[in-house]
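Working through the structure, step by step
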Amino acid sequence: AQSVAQPEDQVNVAEGNPLTVKCTYSVSGNPYLFWYVQYPNRGLQFLLKYITGDNLVKGSYGFEAEFNKSQTSFHLKKPSALVSDSALYFCAVRDGAAAGNKLTFGGGTRVLVKP
Amino acid sequence: EAQVTQNPRYLITVTGKKLTVTCSQNMNHEYMSWYRQDPGLGLRQIYYSMNVEVTDKGDVPEGYKVSRKEKRNFPLILESPSPNQTSLYFCASSDPTPGLASSTDTQYFGPGTRLTVL
């Protein structure tokens, strides 16, 4: 079984300040980890993923995430948040050792960046 | 443009009236999947398909059917919709074939279908 936890329903941050969205996961095999963003009335857009290699992954729109195997975490970060980063963020995990491509999503974290 | 399309985008219907939500992708992906999104629950997988004529249940398949007669299309069928199926639905596709040059573990999502069952 695989699961994802996003402990914060909402994160508020001032524009220009660092942004962190937390994610922890549980998976039997190799974790393939993803971050998606959903803007109002839009579908999910892919931000970044960790499959293997460097633990620090850089993605779209200046976001990055760090894979921490010992803490089973994959927190999303941005050094300087923009008002336009206000959206709903989802962390997802897939078992890389399993057939198929089943993604399990966290409950989502709403990010509000205030001017 | 590579994309996943869904129709309709919005639908209001009544209990028991059969409906179909279409999903189509133009990326020649083998894997397709349906999710529903509910507040606080994130996205939950309804059904998925590994390839043409190969479908299987996800985490919340009750009340839904799917078919995969062509590689590009993966319709979601609600034979007798009920109010608890009111939700936002997403179709996604990917091609996680190991060793394939075009393989991608990234799932690409459609724009969503907001369904209300009265």
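Residues numbered from 1 in each chain as written. Chains lettered and ligands numbered in written order. Predicted model: local features only at pLDDT ≥ 70, side-chain atom pairs only at ≥ 80, totals over all residues. Heavy atoms only, no water.

Some words on the overall build of chain B
What counts, and what does not: What counts as a helix is a DSSP run of H or I of at least four residues, what counts as a strand is a run of E of at least two, and both are numbered from the N terminus. Computation of the radius of gyration draws on C-alpha atoms, with the globule rule given as 2.2 Å multiplied by the number of residues to the power 0.38. Three labels apply to residues, based on accessible area from a 1.4 Å probe with only protein chains included: buried if under 20% of the type maximum, exposed if over 50%, partly exposed otherwise in between. Should any heavy atoms of two residues lie within 4.5 Å, those residues are considered in contact. Where accessible areas are quoted, they stem from the Shrake-Rupley method and a 1.4 Å probe; at the residue level, only the protein chains shown are allowed to cover. Only four residue types enter the tally: Lys and Arg on the positive side, Asp and Glu on the negative side; His and the chain ends are excluded. Note that the charge is assigned to NZ on lysines, CZ on arginines, CG on aspartates and CD on glutamates.
Tallying secondary structure elements over chain B gives zero helices and 11 strands in all. Over its C-alpha atoms chain B spans a radius of gyration of 14 Å, differing by no more than 12% from the 13 Å that the globule rule assigns to 118 residues. Across the 118 residues in chain B, those meeting the buried criterion constitute 50%. Considering only residue pairs separated by 6 or more positions, chain B has 55% of its internal contacts joining residues 24 or more positions apart. As presented, chain B carries roughly 5,600 Å² of accessible surface, and 52% of it is formed by carbon and sulfur atoms. For chain B, the distance from the average position of its 12 positive side-chain charges to the average position of its 11 negative side-chain charges is 8 Å.

Things to note about the pairing of strand β5 (residues 31–38) of chain A
All names here are of chain A. Stated precisely, the cut-off is as follows: One bridge is not enough; two strands pair if DSSP finds at least two bridges between them.
For β5, the buried fraction is high: eight of the eight residues fall into the buried class. Covered by surrounding structure in β5 are Pro 31, Leu 33, Trp 35 and Val 37 together with Tyr 32, Phe 34, Tyr 36 and Gln 38, the residues of both alternating faces. Where β5 lies against strand β10 (residues 87–95), eight bridges are found, and the strand directions are antiparallel. Bridged to Tyr 32 within β10 is Arg 94. Two successive antiparallel strands, β5 and strand β6 (residues 44–50), enclose a turn made up of five residues, where Asn 41 displays a positive phi of approximately 60 degrees.

So, a nonpolar patch on the surface
What counts, and what does not: What makes a patch is a set of residues exposed beyond 30% relative accessible area and free of salt bridges, joined within 9 Å when like-charged and within 5 Å when nonpolar (Val, Leu, Ile, Met, Phe, Trp, Tyr). By definition, a salt bridge exists where a carboxyl oxygen of Asp or Glu is found within 4 Å of a side-chain nitrogen of Lys or Arg.
The grouping of Ile 12, Val 14 and Leu 118 of chain B at the surface amounts to a nonpolar patch, some 320 Å² of accessible area in total. Summarising the element assignment, Leu 118 of chain B is placed in the segment after β11 (113–117).

As for the state of the cysteines
Put simply, the test is: Two cysteine sulfurs form a disulfide in these notes if their separation is within 2.5 Å.
For the coordinates displayed, the defined rule picks out two disulfides over all chains. Across a sulfur-sulfur distance of 2.0 Å, Cys 23 of chain A and Cys 91 of chain A are joined as a disulfide pair. Taking the torsion about the S-S bond as the criterion, the Cys 23 of chain A to Cys 91 of chain A disulfide, at about -60 degrees, is left-handed. Residue Cys 23 of chain A is found in the loop between β3 (19–21) and β4 (24–26), and its partner Cys 91 of chain A is found in strand β10; the two are separated by 68 residues along the sequence. Sulfur-sulfur distance for the disulfide between Cys 23 of chain B and Cys 91 of chain B comes to 1.8 Å.

Examining the nonpolar core
Test applied: Among buried residues, those of type Ala, Val, Leu, Ile, Met, Phe, Trp, Tyr and Cys that are joined through side-chain atoms within 4.5 Å constitute a nonpolar core.
Counting residues in each nonpolar core, the largest one holds 28 residues, and the members touching the most others are Leu 19, Trp 35, Leu 47, Leu 48, Phe 74, Leu 76 and Tyr 89 of chain A. At the level of secondary structure, the elements contributing two or more residues to this core comprise β2 (10–14), β3, β5, β6, β8 (64–68), β9 (73–78), β10 and β12 (109–114) of chain A. Looking at this core element by element, the count peaks at four residues for β10 of chain A. Beyond its immediate stretch of four places on either side in the chain, Leu 47 of chain A contacts Trp 35, Tyr 36, Val 37, Gly 59, Ser 60, Tyr 61, Phe 63, Leu 76 and Tyr 89 of chain A. Within the second largest apolar cluster, 19 residues are counted, among which are Val 60, Val 66, Leu 78 and Cys 91 of chain B.

A word on the interface of chain B and chain A
Note the cut-off: Values labelled buried area give the accessible surface lost by two parts on being combined, using a 1.4 Å probe and summing over both. Just so you know the grouping, Ala, Val, Leu, Ile, Met, Phe, Trp, Tyr, Cys and Pro go in nonpolar, Asp, Glu, Lys and Arg go in charged, and all remaining residues, Gly too, go in polar.
With 22 residues of chain B at the contact, the number on the chain A side is 22 residues. Both faces considered, chain B and chain A share a buried interface measuring about 1,600 Å² in area, 50% of it formed by carbon and sulfur atoms. For the interface between chain B and chain A, the tally reads zero salt bridges. Top contributing element to the side of chain B that touches chain A by residue count: strand β10 (residues 104–109) of chain B, with five residues. Class assignment for the residues of the side of chain B that touches chain A results in 10 nonpolar, nine polar and three charged.

Everything listed is a geometric property; what it means functionally is a separate question.
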